[in-house]
Amino acid sequence: MSVRRPRALLAALGAVAAAVGLAVPASPEPPRPPTARCERVVLVVLGGGVRSQEMLRRPDLVPTLAAIRAAGFGSDGWTAGGADPTDATKAILCGRTVPVATPGRVRPAWPTLLECVRKDRGLGPDAAWFASFADGEALDLGSSDHPDFGPSFWPRLAYGEGPFGEPLRGLFRLFGRPNPTTDRTWAHLATLRAVTAKASSARGIGAGPAALPEALRLERALLEEVDRRAADLGGAAPLDARAVRAGITVLRVFRPTLLVIRLGQADAGRASVAAYEEVLRRNDAEIGRLRATIAADPVLARSTALVVTADLGRDAQRNAEGGYGRTDGSPEQTTVAVVGEGPGLARGATPRGPHATKDLAPTLARLLGAAMPAAVGDPAAGVVREELLSR
């Protein structure tokens with residue numbers, strides 16, 4: 001095998017990095033001892049309606065959620081904030097129940113958690129990301145029309161083709177769809193890297209050995225994003241799978257302070273229980289990938305809280321089509337579950353008093369040391385370890 005493939009891949013890396021303004025730091029983040037302080041939050045919203053019954057009491061169906069619950073907490077009875085997935089998602093992100101819509105627009109009228117964390121913490125654009133299973137207006141849910149915020153505080157977006165979709169699209173036109181990387185690919189890259197480093201050293205140039213681990217981390221993440229783009233993600237819930245994989249790339253490359261991933265294909269449950277369960281099984285597997293990504297990165301593992309919830313529930317009983325609708329007004333339909341693990345979250349937590357999804361954004365904002373003054377929800381008592389708040 002020639003080195004043409006690695007050279008093409010390195011060209012892809014350089015083009016993608018330049019297109020997004022990505023630079024390798026002069027040295028990697030210095031090692032620090034493990035801490036129970038939360039510095040990053042990943043929030044996954046299972047969209048389209050998911051019952052607490054499946055999230056909390058079906059480990060055979062959602063083993064990853066069961067593992068998160070065992071390592072952290074899981075609770076039900078969170079009152080959903082809207083009658084449809086869009087309004088319910090706004091309630092989660094804005095800390096307000098409906099109505100929160102600007103007439104005729106999907107974009108919320110009140111600031112979202114993503115905006116508040118960026119503004120209150122003074123964070124740059126790469127610190128907050130919104131990944132979505134759908135594009136178009138669905139992407140507007142991550143940012144508001146509120147006059148105190150605006151585009152300067154909106155999150156960056158990842159969907160479908162991922163955070164590097166446009167530059168990679170051009171590279172695919174130039175080079176064609178690449179074959180997936182293999183162990184031999186990495187070996188050839190190592191050889192090419194060694195030759196390049198030797199030549200650079202002879203000329204007195206190069207970033208130096210201190211930058212190598214960080215450069216390799218970013219290189220691997222970007223190459224695996226090329227693999228992800230080249231893969232055909234079929235099967236159940238392919239749009240949800242793409243959203244999670246795009247979120248994983250964001251997490252690996254940017255290590256943001258806040259990443260929200262919104263899924264949406266659980267609405268298949270309206271017509272078929274079997275299809276609903278297949279979506280949940282696939283979503284759980286993708287969340288397992290996300291969880292493994294956090295665990296594999298020492299920086300993320302010591303500092304990241306992972307929280308999963310649903311936008312809405314579903315009916316307690318099957319409908320005439322053989323699925324679960326969203327119309328019966330039962331607790332299964334009007335409330336959802338939340339599971340979470342990681343620094344800053346109380347293990348085995350059970351929220352005290354009434355709690356709703358409008359309380360989730362203020363809870364996570366508090367975990368990250370940010371304020372949400374426009375929210376009407378309150379931080380859920382008993383979920384955040386008060387002595388370990390980030391600031």
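Note that residues are indexed from 1 along each chain, following the sequence as it is written. Note on the predicted model: pLDDT of at least 70 is required for a residue's local features to be given, and 80 or more for side-chain atom pairs to be given and counted; whole-chain, interface and lining totals, by contrast, use all residues. As a convention, hydrogens and water are excluded, and side-chain values are obtained from all of the structure's heavy atoms.

*Asks:* How would you sum up the overall build of the protein? Please name residues and give values.
*Replies:* Each helix and strand counted, the protein has 13 helices and 7 strands in total. Accessibility here uses a 1.4 Å probe with only protein chains present; expressed as a share of the type maximum, an area under 20% marks a residue as buried, one over 50% as exposed, and anything in between as partly exposed. Counting only residues that meet the buried cut, the protein has 54% of its 391 residues in that class. Two residues qualify as a contact provided that any one of their heavy atoms is within 4.5 Å of a heavy atom in the partner residue. Contacts in the protein between residues far apart in sequence, at least 24 positions, make up 78% of those at least 6 positions apart. The accessible surface values rely on the Shrake-Rupley method and a 1.4 Å probe; as for residues, cover is taken only from the protein chains in view. A total of about 16,300 Å² of accessible surface is found on the protein, and carbon and sulfur atoms cover 55% of it. Think of it this way: any DSSP run of H or I at least four residues long counts as a helix, any run of E at least two long counts as a strand, and we number them from the N terminus.

*Asks:* Before we move on, could you go through the side chain of Asn283 and cite the residues and values that matter?
*Replies:* By the secondary structure assignment, Asn283 is in helix α10 (residues 273-296). For Asn283, a relative accessible area of 3% puts it in the buried group.

*Asks:* Could you give an account of the pairing of strand β7 (residues 335-341), with specific residues and numbers?
*Replies:* Burial runs high along β7: 7 of the 7 residues are buried. On β7, burial covers both faces: Thr335, Ala337, Val339 and Glu341 on one face and Val336, Val338 and Gly340 on the other are all buried. Across 5 bridges, the pairing between strand β2 (residues 73-79) and β7 is antiparallel. Looking at the pairing, Gly74 lines up with Val339 of β7. For two strands to pair, DSSP has to find at least two bridges joining them. Bridge count for strand β6 (residues 304-310) against β7 is 4 bridges, and the pairing is antiparallel. Pairing of Leu306 across the sheet is with Glu341, part of β7.

*Asks:* Can you break down the nonpolar core residue by residue, with the values?
*Replies:* By size, the foremost hydrophobic cluster in this structure holds 79 residues, and its most contacted members are Val44 and Leu46. Broken down by element, this core gets its largest block of residues, 8 residues, from helix α9 (residues 238-254). Ignoring any residue separated from it by four or fewer positions in sequence, one finds Val44 in contact with Ile261, Leu263, Ile287, Leu290, Leu306, Val307, Val308 and Thr309. For the purposes of this section, nonpolar cores are sets of buried Ala, Val, Leu, Ile, Met, Phe, Trp, Tyr and Cys residues that join through side-chain atoms within 4.5 Å.

*Asks:* Please set out helix α5 (residues 113-121) residue by residue, giving values where relevant.
*Replies:* Residues of α5 that are buried include every one of Leu113, Leu114, Glu115, Cys116, Val117 and Arg118, and no others. Looking at the residues trailing α5, positive phi occurs at Gly122, about 65°.

*Asks:* Just give me the short version of the packing of α9 against α10, but keep the residues and values in it.
*Replies:* Under this scheme, a helix contributes an axis fitted over its contacting stretch, all axes are lines through C-alpha atoms, and angles between N-to-C directions fall in the 0 to 180 degree range. Contact geometry of α9 with α10 gives a least axis separation of 10 Å together with a crossing angle of 5°. Comparing the axis directions of α9 and α10 gives the class roughly parallel. In contact with Asp240, Ala241, Val244, Arg245, Ile248, Leu251 and Arg252 of α9, α10 contributes Val279, Arg282, Asn283, Glu286, Ile287, Arg289, Leu290, Thr293 and Ile294. Classification used: nonpolar for Ala, Val, Leu, Ile, Met, Phe, Trp, Tyr, Cys and Pro, charged for Asp, Glu, Lys and Arg, polar for all others including Gly. Grouping the amino acids of the contact of α9 with α10 by side-chain chemistry returns 8 nonpolar, 2 polar and 6 charged. Angular relationships are summarised with four words: roughly parallel below 35 degrees, roughly antiparallel beyond 145, roughly perpendicular across 65 to 115, and oblique for the angles in between.

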